[in-house]
Amino acid sequence: VRNSRDGRRIRSSRKGAGSVFTAHTQHRKGAAKLRSLDFAERHGYIRGVVKAIEHDSGRGAPIAEIRFRHTHKYKTVTETVIAPEGLYTGQSIYCGAKAEARYR
């Protein structure tokens, strides 16, 4: 609400909800990152299993949830990466310096 005799709009009014130019970030799955380079990945390889492939809102490619075994503790580590074409759930993924690169 603005009158012609007032100055410009105050800052909190300008930082409002916006309209069609806001990003749809409500249902995002998380940041898609690669694994951090630990000892197993620098000097050998580590196996992970694809548990789910999901759509991520605001992104053109699907997201893959990959579970790896923790290298020191008895637990699993979940990583989210961008799913390449041909990836399916239940597939084994090998990451590391000595991992074999296979393309089908």
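See the structure shown above.
Residues numbered from 1 in each chain as written. Predicted model: local features only at pLDDT ≥ 70, side-chain atom pairs only at ≥ 80, totals over all residues. Heavy atoms only, no water.

Concerning the nonpolar core
Rules: We define the nonpolar core as a collection of buried residues of types Ala, Val, Leu, Ile, Met, Phe, Trp, Tyr and Cys that are connected through side-chain atoms lying within 4.5 Å of one another. Exposure classes here rest on a 1.4 Å probe applied to the protein chains alone. A residue is buried below 20% of its type maximum, exposed above 50%, and partly exposed in between. The numbering of helices and of strands both runs from the N terminus, where a helix is a DSSP run of H or I of at least 4 residues and a strand a run of E of at least 2.
With 10 residues, the main nonpolar core is built from Ile-46, Val-50, Ala-64, Ile-66, Phe-68, Val-81, Ala-83, Leu-87, Ile-93 and Cys-95. Of all elements in the fold, only strand S1 (45-54), strand S2 (63-69) and strand S4 (92-96) reach the threshold of two or more residues within this core. It is S2 that provides the largest number of residues to this core, a total of three residues.

Things to note about the environment of Gly-48
Test applied: By definition, residues are in contact when any of their heavy atoms lie within 4.5 Å.
Structurally, Gly-48 can be placed in strand S1. Taking the C-alpha atoms as reference points, Gly-48 and Val-77, 29 residues apart in sequence, are found 9.3 Å from one another. Ignoring any residue separated from it by four or fewer positions in sequence, one finds Gly-48 in contact with Ile-66, Arg-67, Phe-68, Gln-91, Ser-92 and Ile-93.

With respect to the packing of aromatic side chains
Two aromatic rings, taken as a pair, are described by how far apart their centres are and by the angle between their planes. To keep things clear, this is the line we draw: Pairing of aromatic rings covers Phe, Tyr and Trp, the last counted by its six-membered ring, and requires centre-to-centre distances within 6.5 Å; plane angles under 30 degrees mean stacked, over 60 mean edge-to-face, and any other angle means tilted. Two conditions define a charge located above a ring, namely a distance within 6 Å from the ring centre to NZ of Lys or CZ of Arg, and an angle within 35 degrees of the ring normal.
For the structure on display, the rule yields one aromatic pair. Ring plane angle 75 degrees and centroid distance 5.7 Å describe the contact between Tyr-45 and Tyr-94, whose orientation is recorded as edge-to-face. Here Tyr-45 is found in strand S1, whereas its partner Tyr-94 is found in strand S4, with 49 residues between them in sequence. For Tyr-94, a relative accessible area of 36% corresponds to the partly exposed category. Over the ring of Phe-68 we find Arg-35, and its NZ or CZ is 4.7 Å from the ring centre.

As for the side chain of Glu-79
Put simply, the rule reads: His is not counted, nor are the chain ends, whereas Lys and Arg count as positive and Asp and Glu as negative. Salt bridges, as used here, are contacts in which a Lys or Arg side-chain nitrogen is within 4 Å of a carboxyl oxygen on Asp or Glu.
With respect to the helices and strands, Glu-79 occurs in strand S3 (residues 76-82). There is no salt bridge for the buried Glu-79, and the closest opposite charge comes from Arg-35, which lies 4.7 Å off by N-O distance. The residues touching Glu-79, leaving out its near neighbours within four places in the chain, are Leu-34, Arg-35, Ala-64, Glu-65, Ile-66 and Phe-68.

What to know about the pairing of S1
The criterion, for reference: The criterion for strand pairing is that DSSP finds at least two bridges linking the strands in question.
As judged from the five bridges shared by S1 and S4, these two strands associate in the antiparallel manner. Residue pairing across strands places Gly-48 opposite Ile-93, the latter belonging to S4. As defined by bridge partners, S1 adjoins S2 across six bridges and the pair is classed as antiparallel. Of the residues in S2, the one forming a bridge with Val-49 is Arg-67.

Here we look at the side chain of Glu-65
So the rule is basically this: Any pair of nitrogen or oxygen atoms within 3.5 Å is treated as a polar contact; in protein, a donor-acceptor pairing is required on top of that, and neighbouring residues in sequence qualify only through side-chain atoms on both sides.
Residue position: Glu-65 is located in strand S2. There is a polar contact of 3.1 Å between the side chain of Glu-65 and the side chain of Arg-67. Glu-65 has contacts with Val-49, Val-50, Lys-51, Ala-52, Thr-78 and Glu-79, leaving out every residue within four places of it along the chain.

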